[in-house]
Every structure is written in C-alpha cells, then in structure tokens.
Amino acid sequence: MRFLIVALLALVQLAAGTQPLRCLMYLTGQHVVIPDYALTRHITHVALAFMNSGVFNEEPPQEWSLFTTIPSIRPKFHPGTKFLVAIGGWGDTAGFDVAAESEDSRVRWARNVAQMVEDMEADGVDVDWEYPGGNGEDYKKVPNSEKAWQITAYPLLLQALRRELGPHKLITAALPGLERDMLAFTPATIPQIVSQLDFVNVMTYDLFNRRDNVTKHHTGIALSRASINAYISRGAPADKLNLGFPFYVKWALTEPCPDPENPVGCPTLLMEDPETGADLGRAGGFSFHDEVPSDLAPSYNRALAQGKYDRVGGGHYYWDEGENRWWTFDTPEAIRVKFPVLVEGMGLGGVFAWGLGEDAPEFAHLEAVDGAMEKLRGKENAKRDAARQSTKEL
Ligand SMILES: *[C@@H]1O[C@H](CO)[C@@H](O)[C@H](O)[C@H]1NC(C)=O
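Identification of the protein chain as chitinase from Cephalotrichum gorgonifer is taken from an unreviewed UniProt entry.

Structure below.
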C-alpha cells in the first residue's frame, strides 16, 4: 500500500512536470562569440561574466560596466532564455569581503545589485565569490583564519540578496569543485545557502590545479562525482546542481613519469610558490578559441592526435614523454559520456559551461552538449508522457 502511494506520488510529480533540464552558458568579456541560432536551442540561461563585486559597496554606486548589454544579445538566443549578470570571479574577493561584513553592508550591497538587475534588464545574478571562507587567489597572503567569519556571513549575504531581489528574480552561485575549497559549504550552511538559490553551478573543472603535486584529470568523471556528492551529502538537492564543463585545456610539467603507460598520478614539478602562492609558469591552460601558444603547439597537436581516455578516472589525457608535459581536457566524446553517467545517473538539474565563446569558432564541444541535451530532454518528455498516461488511467 505504502509503495503504491509513493509510486503514485512520483507519477503525479512527473506528470506535473519538474523543471526542464537546465543548460547555462557563461558569456565572457574575453571571448564574446555567440554561435548560430540553431546551436543555442537548448541554452536556458546565459551568465555575463563578470561585473566587479566591489561596485555594489559604493553609495551611490558607479555606472555599471559590462562588455555588452542584455537587450542587444537577447535576440541571438531563443525566447525564454534567462540572462544573468555574474558578479565576482577568480581573484575578485575584496568587494565580497566588504559586502558581507555587517547587516548594513549586506543590505547596501544587495540593494545596489537589485538596482543593477533592473537597470541592465537582467533576469537575475550569478554570485561568483571564489571563495567565502578562504582558499582564493590571495590565500597565502591572507590566511583562511582571517576569513573564517565569512562562513556564517555568506548565507546572510545571499539572504539579503533574496530579500532585495524578491522571489521572481534568479539568484544562482558558482561553487568550488574541490572539497578542500568548500570551507564555507558545510552541513550547517548548505541548507541555508541552497534555500536562497534557484540553482548552483558546481565548478567541476580545475579539479587539478597548480596547488596539486601529481597529475589528475582536471574535469574527470571520478573527481566530478566526488564534488557533486560532497554537496549532496551536505544537504544540497541533486536537482539544484548543475555540472560544469570547461571549454578549455590544461597542461602541466611533470617529473619523468615512473610508468609512462599510466601517467595519472605522476609527480608534477612545483607549480606554485609555496610562500606567495604565485604561479611558477609550469602549468597553464587555454580555451578552444585561443590561438595555441607557438611553444605549446607541437605538444598540443600530439595530445589531440594521440590522447587517450582513462576509463577508471574518466578523463581524456596525454602525457608527452619528450617534454614531460601532462594534458587534460574534455573532447566532445568525453562530454557525451558525462551525460548518462553524471547528469542522468546522479539526477542533476542541469549543466553549464565556461564559457560559450571559448568554444568558438567550431563549437564542437557545445555541439556535444547540445546533442546530449536533445537526447536527455527526449527521454524526460517520454517519461512525462508515460506518467500522464498512467495517472489518467488511474
Ligand atoms: C602533495 O600534496 C598532498 C596534498 O594534496 C600532500 O599531503 C603531500 O604532502 C604533498 N606531497 C609533496 C611531496 O609535497
């Protein structure tokens, strides 16, 4: 009997139609390229990146400065697409530090953000504080202990933002992919955080970065799953989470790998200055839209031609034995594999990519996302129709 009721409820929910699968694209000031209209059919949200977090602390605030306007790009996307202004980004923490400090500063910041949303004709904002509680770009200069207060202040900042923006504007956030950076995302705070947000963009990329000392897949399946599971186990509903795709490659210099046949876990050179946290130039990346730096081109071409897919960790990789150089990136095929395994398999609410123009001019990775969205949406619709049919019969 109980089983029947549970099954019936599930059917009714399905028939009523949960939110359709989301697909958000960041559009960045570095690569302002929008694909042909047909290829934007499954894009549900566009987040313009970035507006500086500090401008909302000023009274009265300055002019809003962004690389484009929402009314000018709206027609390039399908009707119903929502446009967000992304605030912050890597290295932009100073404005958030000031904003979060007190109830007065939180309200001032939130009010100014709400004014900006109105002025820009946006549908909402994406909050990209990397990261509350520490481990940001300045983590060697400002110790995390000095940012511990932000762990309780971050949910309060989002609360203030929700009050000022109201229930109909969208508030989303980009959250760290690595558990070591989830300082402000605990079982106590996650429920407070997600209750203010429409959805979360989990940055399931850069999971291998210059703070590591062995090679990893920077957007691999196993690491992405661990990242998503960390949020779920702390109280985030899976359908509020978006899986992140990077439209860029990463490389790093390594020691000679002990096992050239299996270079995952191979020691890297020291990639970050342990004192200052500065980049030592032994790791890097570039988008699919960038011109490949000439000193990297031969090795990158080998990575494209001879790269392999690791079925254990779930990632495309290549170790260039001649240069002791590790490459890690998603091919279109690697993207396709993630949909059944991670998006469908974990019941996620959608996906996002950093960023749209980074995949120009070929848009091969966007095409992989588009094709997988088409497939998954088809399945969702079929399930919904079947559920409608059964509830009718009941
Ligand atoms: C490598 O990094 C891990 C943490 O990610 C650390 O525990 C370990 O000591 C580091 N090893 C070396 C040789 O620095």
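Here the narrative resumes, following the displayed structure.
By size, the foremost hydrophobic cluster in this structure holds 89 residues, and its most contacted members are Met116, Trp327, Phe339 and Val369. Discounting residues that sit within four places of it in the chain, Val369 has contacts with Cys23, Met25, Phe245, Phe247, Ile335, Phe339 and Val351. Of all hydrophobic cores here, the second largest spans 15 residues; its members include Ala86, Leu170, Phe199 and Tyr205.

Looking now at the sheet that holds strand β8 (residues 248-253). Within the open sheet, the five strands sit side by side as β9-β8-β12-β11-β10. Their pairing is antiparallel. Single-partner strands in this sheet number two, and they are β9 (283-287) and β10 (308-310). Within the sheet, the average angular offset between the axes of one strand and its neighbour, ignoring direction, is 30°.

Now for the state of the cysteines. Covalent bonding between the sulfur atoms of two cysteines defines a disulfide. The final tally for this structure, using the stated rule, is one disulfide. What pairs with Cys257 in a disulfide is Cys266, and their sulfur atoms sit 2.2 Å apart. Sign of the S-S torsion, about -100° for the bond between Cys257 and Cys266, identifies this disulfide as left-handed. With respect to burial, Cys257 and Cys266 carry one shared label: buried.

Further remarks concern the UniProt feature "domain: GH18" (unreviewed entry) in the protein chain. Under the feature "domain: GH18" (unreviewed entry), the UniProt entry names residues 21-376. End C-alpha atoms of residues 21-376 are separated by 8 Å, and the span's content is 28% helix alongside 20% strand.

Cis geometry is adopted by the peptide bond preceding Phe50, which originates at Ala49 and carries an omega value of 0°. Residue position: Phe50 is located in strand β2 (residues 45-51). In this structure, Asn135 is a non-glycine residue whose phi angle is positive, near 65°. In this fold, Asn135 is placed in the loop between β4 (124-128) and α5 (150-165).

To continue, consider the pairing of strand β5 (residues 170-175). Within β5, six of the six residues are buried, which leaves the element mostly enclosed by the surrounding structure. Here β5 shows two buried faces, one formed by Leu170, Thr172 and Ala174 and the other by Ile171, Ala173 and Leu175. Note that the unit made of β4, α5 and β5 has a crossover that is right-handed. As paired strands, β5 and strand β6 (residues 199-202) are joined by four bridges and run parallel to one another.

On to α5, then. Taking 1.5 Å as the rise per residue, α5 with 16 residues should run 22 Å; its terminal C-alpha atoms sit 22 Å apart, in good agreement. For α5, the complete set of buried residues consists of Gln150, Ala153, Tyr154, Pro155, Leu157, Leu158, Ala160, Leu161, Arg162 and Leu165. Phi turns positive one or two residues past the end of α5, at Gly166, with a value near 80°.

Taken together, the eight strands give a closed barrel; going around it, the order is β1-β2-β3-β4-β5-β6-β7-β13, and neighbouring strands pair in parallel fashion. Averaged over all pairs of adjacent strands, the angle between strand axes in this sheet comes to 25°, irrespective of strand direction. Against the sheet, helix α7 (residues 221-233) contacts β5, β6 and β7 (241-246), and its axis sits at roughly 155° relative to β7. Running over the sheet, helix α9 (residues 332-344) touches β7 and β13 (350-354) and is turned about 165° from β7.

Turning our attention to the packing of helix α4 (residues 103-120) against α5. Across the interface, α4 lies against α5 with an axial gap of 8 Å and an inter-helix angle of 45°. Considered as vectors, α4 and α5 are oriented oblique to each other. Relative to α5, α4 is oriented so that their crossing is right-handed. Only Ala153, Leu156, Leu157, Ala160, Leu161, Arg163, Glu164 and Leu165 of α5 make contact with α4, whose side of the interface consists of Glu103, Arg106, Val107, Trp109, Ala110, Arg111, Val113, Ala114 and Val117. Taken together, the residues of the contact of α4 with α5 sort by class into twelve nonpolar, no polar and five charged.

Glancing now at helix α8 (residues 297-306). Within α8, burial applies to Ser299, Tyr300 and Ala303. Viewed along the axis of α8, the buried residues span an arc of 100°, placing them on a single side of the element. Those residues of α8 that are buried lie in contact with β8, β9, β11 (315-320) and β12 (325-328).

By the definition in use, this model includes 21 salt bridges. Between Glu103 and Arg106 there is a salt bridge, and its shortest N-O distance comes to 3.0 Å. Within this pair, Glu103 and its partner Arg106 are both found in helix α4, separated by three residues, close to a single helical turn. Using a relative accessible area of 36% as the deciding quantity, one classes Glu103 as partly exposed. Overall, Arg106 belongs to the buried group, its relative accessible area being 8%. Among the ionic pairs, Arg302 bridges to Glu323, the shortest N-O distance being 3.3 Å. In this pair, Arg302 sits in helix α8 while Glu323 sits in the loop between β11 and β12, placing the two residues 21 residues apart along the sequence. We classify Arg302 as partly exposed; its relative accessible area is 29%. Assessed through its relative accessible area of 27%, Glu323 is described here as partly exposed. Through salt bridges with shared partners, one network takes in Arg302, Asp320, Glu323 and Arg325.

The rules behind each value
Residues numbered from 1 in each chain as written. Predicted model: local features only at pLDDT ≥ 70, side-chain atom pairs only at ≥ 80, totals over all residues. Heavy atoms only, no water. Core = buried A, V, L, I, M, F, W, Y, C linked by side-chain atoms within 4.5 Å. Buried < 20%, exposed > 50% of the residue type's maximum accessible area, 1.4 Å probe, protein only. Contact = heavy atoms within 4.5 Å. Pairing = 2+ DSSP bridges. Helix = DSSP H or I, 4+ residues; strand = E, 2+ residues; numbered from the N terminus. Axes fitted to C-alpha atoms, helices over the stretch in contact; angles between N-to-C directions. Disulfide = S-S within 2.5 Å. UniProt positions renumbered as here; feature names shortened; annotations may be inferred. Right-handed = clockwise from strand over helix to strand, strands pointing away. Expected span 1.5 Å × (residues − 1). Parallel < 35°, antiparallel > 145°, perpendicular 65-115°, else oblique. Left-handed = near helix turned anticlockwise from the far one by under 90°. Nonpolar A, V, L, I, M, F, W, Y, C, P; charged D, E, K, R; others polar. Arc of directions from axis to C-beta. Salt bridge = Lys/Arg side-chain N within 4 Å of Asp/Glu carboxyl O.

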